[in-house]
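In case you want the letters, here they are:
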Amino acid sequence: MFQKILIANRGEIAVRIIRACKQMGIETVAIYSEADQYSLHVQIADEAVCVGGNKSSESYLKMENIISAAISKGAEAIHPGFGFLSENARFADLCESVGIRFIGPSGSVIEKMGNKSKARELMIKANVPVVPGSEGALKNIVEAKKLTTKIGYPVLIKASAGGGGRGMRVAYTELEFDNAYETARSEAFNAFGDDTMYLEKYIINSKHIEFQIIADKYGNVVHLGERDCSIQRRNQKVIEEAPSLISEELRQKMGEIAIKASKSVNYVNAGTIEFLLTGDDFYFIEMNTRIQVEHPVTEMVTGIDIVKEQINIAGGEELSFTQEDIKLEGHSIEVRINAENPKENFRPSPGKVELLHVPSGHGVRFDSFLYTGYQIPPFYDSMMGKVIVHGKTREEAIKKMRATLDELIIEGVDNNRQFCMRILFNNEYYKGTFDTGFIPKHSGSLLGYDDYE
Ligand code: MV4
């Protein structure tokens with residue numbers, strides 16, 4: 001096993017990974033930008049290296065600086081966390097080329113799944129159900145329009161280099177098509193330098209259900225059940241839960257398909273297969289080749305520490321459990337706490353945390369890098385942490401989350417605590433009848449403008 005790991009990330013996920021390493025007896029090297037000198041991950045790691053300036057492009061994305069830090073400190077592996085370089089195939093390859101283990105899948109697998117139209121094409125070949133749409137990439141707008149006439153409106157025009165909803169536009173009618181296509185295409189070109197597009201039927205009133213899979217280097221692939229991530233705002237998840245409200249029969253069916261998808265690309269390490277679910281019909285949309293923000297809800301219902309498993313797998317160990325060993329117990333919910341002002345269009349609100357009080361108790365977890373007196377820098381995303389609860393039933397989990405958020409105190413920075421609380425008190429949320437349209441549909445009441453309901 002590794003003696004020392006470098007964590008190529010910041011914030012709560014860096015803290016989360018450092019904690020796993022400590023529990024495994026592995027030494028840790030943090031990296032940080034100038035703005036992050038006083039960040040918690042720097043303070044709790046055994047060693048820390050400044051890799052550059054405030055902007056991510058000058059620090060957390062500087063591959064050469066990060067590799068140099070790993071070499072000079074003698075780290076044998078790099079955990080990329082999520083975001084930043086976590087799904088960068090070149091970085092994974094670069095690590096391996098200098099003899100540093102990248103804790104994740106190989107560069108070639110990252111590349112295959114990172115190209116979303118290619119991934120779709122591969123899944124069609126592997127007999128994994130996908131949304132009706134283009135086979136792979138579209139040649140041009142003429143082909144796109146022809147295909148749309150065949151499959152019918154509404155359609156989603158998506159960027160191959162996108163994912164997570166970036167570079168995506170819906171067209172409800174033929175009148176909207178040209179504009180939607182051109183907007184998505186130019187957005188993709190500006191954001192990714194790649195305007196390869198593909199097309200899917202837009203599945204309205206669907207649930208976003210994703211399966212956690214975990215695979216070792218010896219061909220063993222196990223799924224750890226699924227998460228419902230339908231509560232999203234502008235493609236940012238707000239609340240996630242595990243398990244979802246699907247039947248055991250459907251869970252088995254979807255789980256088998258998720259494993260089939262992973263096996264078809266010889267996937268190794270932790271990954272997520274995203275599906276859209278409408279009624280009992282489900283379709284593959286994307287695979288994420290990294291640890292995800294919402295992994296704790298899966299940990300709470302399976303008892304498996306996914307980060308420790310990632311490290312064991314990268315170290316060449318075999319999975320210590322089989323599919324039969326995985327039993328989902330109880331229910332878990334995660335709320336993302338962001339430094340933002342919901343009433344000002346969710347504008348980021350960095351600043352000094354004047355007072356932090358974190359509730360705790362049976363089945364309550366807070367994954368965060370906050371401390372009282374911490375100055376949140378303005379250069380990175382606004383997530384300050386995640387509150388995660390576990391209860392015997394979904395109802396118990398919801399009530400536990402309400403009580404926990406009620407007690408949580410973060411003074412000094414605006415945040416979305418009240419917005420999340422209103423979701424937890426929403427009747428449709430409580431009943432579980434929500435879908436991906438939930439936040440737009442209830443935005444008035446969630447912001448406290450009750451006239452809108
Ligand atoms: C879709 C879709 C419906 N039909 N694709 C959004 C994030 C990215 N991972 C995929 N996403 C979606 N893709 C097809 N063909 C619905 C979503 C979607 C969504 C869309 C609008 C508002 C909120 C959403 C939440 C989750 C998923």
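Asker: Before we go on, may I ask you to explain the site of the ligand in this structure?
Answerer: Taken together, 18 residues form the shell around the ligand, and within it Lys158, Glu200, Lys201, Ile203 and Glu274 come nearest. At 3.0 Å from a nitrogen atom of the ligand is found a side-chain nitrogen or oxygen belonging to lysine 158. The separation between a nitrogen atom of the ligand and a polar main-chain atom of lysine 201 is 2.8 Å. Put simply, the parts of the chain that give the shell around the ligand at least two residues each are β6 (155-163), β8 (197-201), β12 (269-278) and β13 (281-288). Taken together, the residues of the shell around the ligand break down into seven nonpolar, six polar and five charged. For the shell around the ligand, the domains that each give at least three residues are domain 2 (132-201) and domain 3 (207-446).

Asker: What should I look at first to understand the pattern of salt bridges in this one?
Answerer: Oppositely charged side chains are able to pair whenever their charged atoms sit close together. For the structure shown, the criterion picks out 29 salt bridges. For the salt bridge of arginine 16 with aspartate 305, the shortest nitrogen-to-oxygen distance reads 2.7 Å. Of this pair, arginine 16 sits in helix α1 (residues 11-23) while aspartate 305 sits in the loop between α10 (295-302) and α11 (306-314), placing them 289 residues apart in sequence. Of the residues examined, aspartate 305 reaches a relative accessible area of 22% and is grouped as partly exposed. Arginine 251 serves as the salt-bridge partner of glutamate 248, at 2.8 Å between the closest nitrogen and oxygen.

Asker: Please clarify how the packing of aromatic side chains should be interpreted in this entry.
Answerer: Here the distance between the centres and the angle between the planes together describe a pair of aromatic rings. Evaluation of the coordinates by the stated rule reveals 13 aromatic pairs. Seen from their ring centres, phenylalanine 91 and phenylalanine 102 are 6.2 Å apart, and the 85° between their planes marks the pair as edge-to-face. Here phenylalanine 91, found in helix α4 (residues 89-97), pairs with phenylalanine 102, found in strand β5 (residues 101-102); they are 11 residues apart in sequence, far enough to count as distant. Note on phenylalanine 102: relative accessible area 2%, which makes it buried. These aromatic residues form a ring-pair network of at least three members: Tyr60, Phe84, Phe379 and Tyr380. When the ring centre of tyrosine 429 is taken as origin, the NZ or CZ atom of arginine 394, which lies over that ring, is 4.8 Å away. Its guanidinium or amino end placed over the ring of phenylalanine 425, arginine 402 lies 4.1 Å from that ring's centre, counting from NZ or CZ.

Asker: Would you mind going over the domain arrangement of the protein with me for this structure?
Answerer: It is common to report an interface's size as the accessible area lost on association of the parts. Considered domain by domain, the protein is made up of domain 1 (4-103), domain 2 (132-201) and domain 3 (207-446). Once you take the C-alpha centre of each, domain 1 and domain 3 turn out to be 23 Å apart. Contact residues are listed per partner, giving 32 residues for domain 1 and 31 residues for domain 3. Buried area between domain 1 and domain 3, both sides added, is near 2400 Å², and the carbon and sulfur share of it is 60%. Counting across the interface, domain 1 meets domain 3 through four salt bridges. Run the count over domain 1 and domain 3 and you get 14 residue pairs in polar contact (both at pLDDT 80 or more). Of all the secondary-structure elements, those providing two or more residues to the side of domain 1 that touches domain 3 are α1 and α2 (40-44). In terms of residue count, the dominant contributor to the side of domain 1 that touches domain 3 is α1 (10 residues). Residue composition of the side of domain 1 that touches domain 3, grouped by class: 14 nonpolar, 11 polar and seven charged.

Asker: It is not clear to me how the nonpolar core should be interpreted in this structure. Could you clarify?
Answerer: Side chains that are nonpolar tend, in soluble globular proteins, to be buried together. Counting 39 residues, the largest nonpolar core has Ile231, Ile239, Leu405, Ile410, Ile423 and Tyr429 as the members making the most contacts within it. Put simply, the parts of the chain that give this core at least two residues each are β11 (236-242), β14 (331-338), β19 (364-368), β21 (383-391), α12 (394-407), α13 (417-424) and α15 (438-446). For this core, the element with the highest residue contribution is α13, accounting for five residues. Apart from residues lying up to four places away in sequence, tyrosine 429 is in contact with Ile231, Ile239, Glu241, Ile333, Arg394, Ile398, Ile423, Leu424, Phe434 and Phe438.

Definitions and limits used
- Position numbers for residues start from 1 in each chain and track the written sequence from start to end.
- A pLDDT threshold of at least 70 governs which residues receive local features in this predicted model, and a stricter bar of 80 or more applies before side-chain atom pairs are shown or counted, although totals over entire chains, interfaces and linings include all residues.
- Only hydrogens and water are set aside when side-chain values are computed; all heavy atoms of the structure are taken into account.
- If a single non-hydrogen atom of a residue is within 4 Å of a molecule or strand, that residue counts as near it.
- Two N or O atoms form a polar contact when they lie within 3.5 Å of each other; inside protein one atom must be a possible hydrogen donor and the other a possible acceptor, and for residues adjacent in sequence the pair counts only when both atoms belong to side chains.
- Helix and strand assignments follow DSSP, with helices taken as H or I runs no shorter than four residues and strands as E runs no shorter than two, numbered in order from the N terminus.
- Note that Gly is not counted as nonpolar here; it falls among the polar residues with everything else outside the nonpolar set of Ala, Val, Leu, Ile, Met, Phe, Trp, Tyr, Cys and Pro and the charged set of Asp, Glu, Lys and Arg.
- Domain delimitation in this document rests on an assignment produced automatically or drawn from a domain database.
- Salt bridges are counted wherever a side-chain nitrogen of Lys or Arg sits within 4 Å of a carboxyl oxygen of Asp or Glu.
- Buried, partly exposed and exposed residues are distinguished by accessible area as a fraction of the type maximum, computed with a 1.4 Å probe on protein chains only: under 20%, between the cut-offs, and over 50%, respectively.
- Aromatic rings from Phe, Tyr and Trp, with only the six-membered ring used for Trp, were paired whenever their centres fell within 6.5 Å, and each pair was classed as stacked if the ring planes differed by under 30 degrees, edge-to-face if by over 60, and tilted otherwise.
- Should the NZ of a Lys or the CZ of an Arg lie within 6 Å of a ring centre and within 35 degrees of the ring normal, that charge is described as sitting over the ring.
- Here, two residues are considered to be in contact whenever any of their heavy atoms come within 4.5 Å of each other.
- The quantity reported as buried area is the accessible area (1.4 Å probe) lost by two parts once they are put together, taken as the sum for both.
- As used in this record, nonpolar core signifies buried Ala, Val, Leu, Ile, Met, Phe, Trp, Tyr and Cys residues forming a set joined through side-chain atoms within 4.5 Å.

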